Amino acid sequence: MARKLNLRIWRGDSTNGGLQDVVVEANDGEVVLDVIHRVQATQMGDLAVRWNCKAGKCGSCSMEINGKPRLACMTQVSAYGDDETITVTPLRAFPVIKDLVTDVSFNYRKAMEIPAYSHPENLKPGEARMEQIDVERSQEFRKCIECFLCQDTCHVIRDHEDNKKSFAGPRFFIRIAELDMHPLDTLKNRKKTAQEEHGLGMCNITKCCTEVCPEHIRITDNAIIPMKERVVDEKYDPIRWLGSKIRKREGIV
Amino acid sequence: MTNLEKYKYDVVVIGAGGAGLRAAVEARESGLSVAIICKSLFGKAHTVMAEGGAAASMGNVNSGDNWMVHFRDTMRGGKFLNHYRMAELHAKESPDRIWELEVWGALFDRTKEGKISQRNFGGHEYPRLAHVGDRTGLELIRTMQQRIVALQQQDARDHGNAESHMKVFAELTVTEVIKENGKVAGVYGYWRESGSEVLFEAKSVIIATGGVGKTFKITSNSWEGTGDGHALALKAGANLVDMEFLQFHPTGMVWPPSVRGILVTESVRGEGGILTNNVGERFMFKYIPEVFKNIYADNEAEADRWYLDQDNNRRPPELLPRDEVARAINSEVKAGRGSEHGGVFLDVSKRLSAEVIKKRLPSMWHQFYELAGVDITKEAMEVGPTCHYVMGGVEVEPDTAAAIGVPGLFAAGEVAGGMHGSNRLGGNSLSDLLVFGRRAGMGASEYAKKSGDNPVSDAALKAAAARIEAPFSRTGGENAYSLHAELQEITHNLVGIIRTGSELQEAIEKIAAIRARSANIAVAGDRKFNPGFHLAFDLDNMLLVAESTAKSAILREESRGGHTRDDFPGMNNKWRQVNHISSFDGDKVSVRAQALLPIPKELFDLFDIHELEKYMTPEEITKGGSN
């Protein structure tokens, strides 16, 4: 059944812009991207929006819907009330190019800074043997579709433009974790560089990234926290740490 | 032209899907400079949608597998219309291409012995598909994307600049392959973001633009599948081969309307999913063609036993090649035995536990749960055919992927023709793009190394620029969105899964009429990230593809693989000896018949002669191969 939907769309570019109201038809089972496409085809031929697969697999149609970072192709119109206005705006953490399209090149620059996978030199193609249980830890992170919603929602990036230089963001923490947990990767000190060069320490584990991940990757619990714990382990030898505590206590007594 | 943004590279790759990225890696590793151009962001290409896996006869699950078995399966699947040399190279080289991905960091699912696991798929005799759950395409793209980053990091160490020798130009549309002196000289296009124009001078150009699905109304393809490379090649003077063959994947989603066409992976059937109609009948047993009767079970008991004992039972008919299953579903729906929304039922919940389904088919569970409100661990999915893949494409030299007729032009992946004959087997696409992506990279590099400069002339630049400006100079003309919708309606109704001569004739006339009107498209707004402007160029490509498909289809008076003629049912062995070659004279597409190369004796002898008798004429059988 078709109904009229009130849609409020941010239109503009890096210099100026604002919200525009449109009324558009919405049918049963449609997602927000469908109605945006209908607006494009019937009312605003030059409305800019990124999309590709329309099945939640490519991570292109990231935007903010009623203020929440979401994939437009995976957001059902029916999730909102019949009288509710749906507001769509571009990702806030990245510079606007036009309308709902933002400049996400920050993420590609960060990708370039993460040292690549390093294969054991003496292991020839076809010789690798790995247990399923061992590859699964990294496989969880390789599910990432690079929608960058986690980057958008992370307040270290979202609220502090200055942090972008020294903070890689959740997407790249799971990239580092994936390589760190890769059964064959030979590069040492991935956790240490995560802490020292990519800003792992700035994350204060509020789990916002995990909440918005459309692939349900447990970014905070399975990647960030384990890395933080082990960085601490490696930085401070636990026996000496314990020893110093005990001595301190003796000193007090 | 003084302000024109200009670049110079040894090799330009158009398309950043699996084939394009594999080609780029190869060209860079051979020491050349490479530009990678893509319409979307880097890493979003349609390859990410490939779910089931990559076919390679590594023999990890069944040691009986080898390249010869894979070759036979591929030829059977394509109904022997495949270019034998492409099928041979593909079968021989796929295992190395998969293992190489592990060296670059890919993490495939494992067997108990820790090797790469392989799964069953339609038309493959043994478990053969290397996979990562049901997101294998994403793993391929990410692995090669990261390989490219690794090579760029190496360039940063060696040359002080990560982009000194290889650069990705994302969100850039190529409108023309420019030739000078009869050879490729570069490509011309525009940034989607700003609309400003760019020239790339290059010694060789690799087209790796994927498919044409958006020409059709119901498709699994994303907006990018608009046949750009097919049209660029045609306009540059290359040929397309066998464009009548389109694969309608048997299982696309049919409801809700917004997801109509989105793919339901064949792995659902590979893992034990069964197809039933609205009276609960498991109908595929009725549709086993004569040529496959000895390898597919004709009763439920045997089909069910196959999942436990594959050596002593025939395969379930749900795993027939895709063209057979798509036609069967089409027939059931037409006979009034379809589901509420015009599909049939696919059910995996009765054979596997909820836990196993979520582990082996995580994206499918997610897709149906989120988009259709269906829990596939408890209930059946509604599915129907969707336009998925084009077997036809640029006619190439198999060993080098060089486009025939245009020096310096290469093509690999879905945009290239010949490899899959009249029908592609599932899993053979991911392996195809690795094998021929690499070969295109090698071929283009060898060509570039022995070629001198071939500068682009001002006349060519002016013509290319004028074409881009044209839609803005018109007012009150046609709307690209409406013309696209009209084209999709025509292809869906008249050039779809079942065809007839009279309907194809009607289609040819209607496509020509739309093409005439499309010369008058006007675009609203300016050049900045303007989808209406982008569509005007995509539409031009789709119109050429549709014309080529309709004109090839009307000539082929038989039914084979992804081409079914209601007025000529059944295969005709004489037609197996014919390829259809499309060419473009600047005004219209013309199609001519060309003799298919005969199979050499050493490959001919891999088959049982009685099987070949089903496909070949008595004269061919007597001859016994070409040498």
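Residues and elements named next belong to chain B. The three strands are arranged E3-E5-E4 in an open sheet whose pairing can be described as antiparallel. What marks the edges here is a single partner per strand, and that holds for strand E3 (54-55) and strand E4 (118-119). Pairing analysis gives two bridges linking E3 to strand E5 (residues 129-130), with the strands arranged antiparallel. Its bridge partner being in E5, Ala54 is matched across the sheet by Ala130.

Moving on, we get to unusual backbone geometry. Residue and element names in this part refer to chain B. That bond from Trp255 to Pro256 is cis: its omega, -5 degrees, falls within 30 degrees of zero. Looking at where Pro256 falls in the secondary structure, it is placed in the loop between strand E11 (246-253) and helix H6 (267-270). Unusually for a residue other than glycine, Phe529 sits at a positive phi of about 25 degrees.

Attention now goes to the domain arrangement of chain A. Residues and elements named next belong to chain A. As assigned here, chain A comprises domain 1 (3-102) and domain 2 (105-238). Taking only C-alpha atoms into account, the centre of domain 1 sits 30 Å from that of domain 2. Contacts between the two partners involve 12 residues from domain 1 and, on the opposite side, 13 residues from domain 2. Its residues placed into classes, the side of domain 1 that touches domain 2 shows seven nonpolar, three polar and two charged.

Turning next to the domain arrangement of chain B. All names here are of chain B. Assigned domains within chain B: domain 1 (250-386) and domain 2 (470-570). The C-alpha-based centres of domain 1 and domain 2 are spaced at 31 Å. At the interface, five residues of domain 1 touch five residues of domain 2. Ranked by residue count, the leading element in the side of domain 1 that touches domain 2 is helix H8 (residues 322-334), at four residues.

For chain A, the average pLDDT comes to 91, and 92% of its residues sit at 70 or higher. Contacts from residues 248-253 of chain A, a stretch scored under 50 in pLDDT, to residues over four places away or in other chains number zero contacts.

On to the pairing of strand E18 (residues 589-595) of chain B, then. Residues and elements named next belong to chain B. Bridge analysis of strand E17 (residues 578-584) against E18 gives seven bridges, and the strand direction is antiparallel. Within E18, the position partnered with Phe584 by the bridge is Val589. A loop of four residues connects E17 with E18, the two strands running antiparallel in sequence, and Gly586 in this loop sits at a positive phi of about 95 degrees.

Turning our attention to the interface of chain B and chain A. Interfaces are frequently sized by the accessible area removed from exposure as the parts join. The partner chain A presents 48 residues to the 51 residues of chain B that form the contact. For the side of chain B that touches chain A, the elements supplying multiple residues, two or more each, are helix H3 (84-103), helix H4 (136-159), helix H10 (362-371) and helix H15 (531-555) of chain B. Examining the composition of the side of chain B that touches chain A, we find that eight residues originate from one element, H4(B), more than from any other. Among the residues making up the side of chain B that touches chain A, the classes are represented as 22 nonpolar, 14 polar and 15 charged.

As a further point, take the packing of helix H1 (residues 18-29) of chain B against H4(B). Residue and element names in this part refer to chain B. One can describe the packing of H1 onto H4 by two numbers: an axis separation of 10 Å at closest approach and a directional angle of 25 degrees. As judged from the angle between their axes, H1 and H4 are roughly parallel. Crossing of H1 against H4: the hand is left-handed. Only Leu140, Ile141, Met144, Gln145, Arg147, Ile148 and Leu151 of H4 make contact with H1, whose side of the interface consists of Gly18, Leu21, Arg22, Ala24, Val25 and Arg28. Among the residues forming the contact of H1 with H4, the class breakdown is eight nonpolar, two polar and three charged.

Right, let's talk about H15(B) for a bit. Taking 1.5 Å per residue as the helical rise, H15(B) with its 25 residues ought to reach 36 Å, and the 36 Å between its terminal C-alpha atoms agrees with that figure. In terms of burial, H15(B) is a largely internal element, 24 of the 25 residues being buried.

Before going further, it helps to examine the environment of Glu131(A). Summarising the element assignment, Glu131(A) is placed in the loop between helix H2 (105-113) and helix H3 (132-142). Judged by C-beta crowding, with 12 C-beta atoms within 10 Å, Glu131(A) ranks as exposed. Put simply, Glu131(A) and Ala41(A) are 90 residues apart on the chain and 50 Å apart in space, counted from C-alpha to C-alpha. Setting aside residues no more than four positions away along its own chain, Glu131(A) makes contact with Arg110(B) and Gly114(B).

What counts, and where the lines are drawn
Residues numbered from 1 in each chain as written. Chains lettered and ligands numbered in written order. Predicted model: local features only at pLDDT ≥ 70, side-chain atom pairs only at ≥ 80, totals over all residues. Pairing = 2+ DSSP bridges. Helix = DSSP H or I, 4+ residues; strand = E, 2+ residues; numbered from the N terminus. Domains from an automatic or database assignment. Contact = placed C-beta atoms within 7 Å. Nonpolar A, V, L, I, M, F, W, Y, C, P; charged D, E, K, R; others polar. pLDDT = per-residue confidence, 0-100. Axes fitted to C-alpha atoms, helices over the stretch in contact; angles between N-to-C directions. Parallel < 35°, antiparallel > 145°, perpendicular 65-115°, else oblique. Left-handed = near helix turned anticlockwise from the far one by under 90°. Expected span 1.5 Å × (residues − 1). Buried ≥ 20, exposed ≤ 12 C-beta atoms within 10 Å, placed from the backbone.

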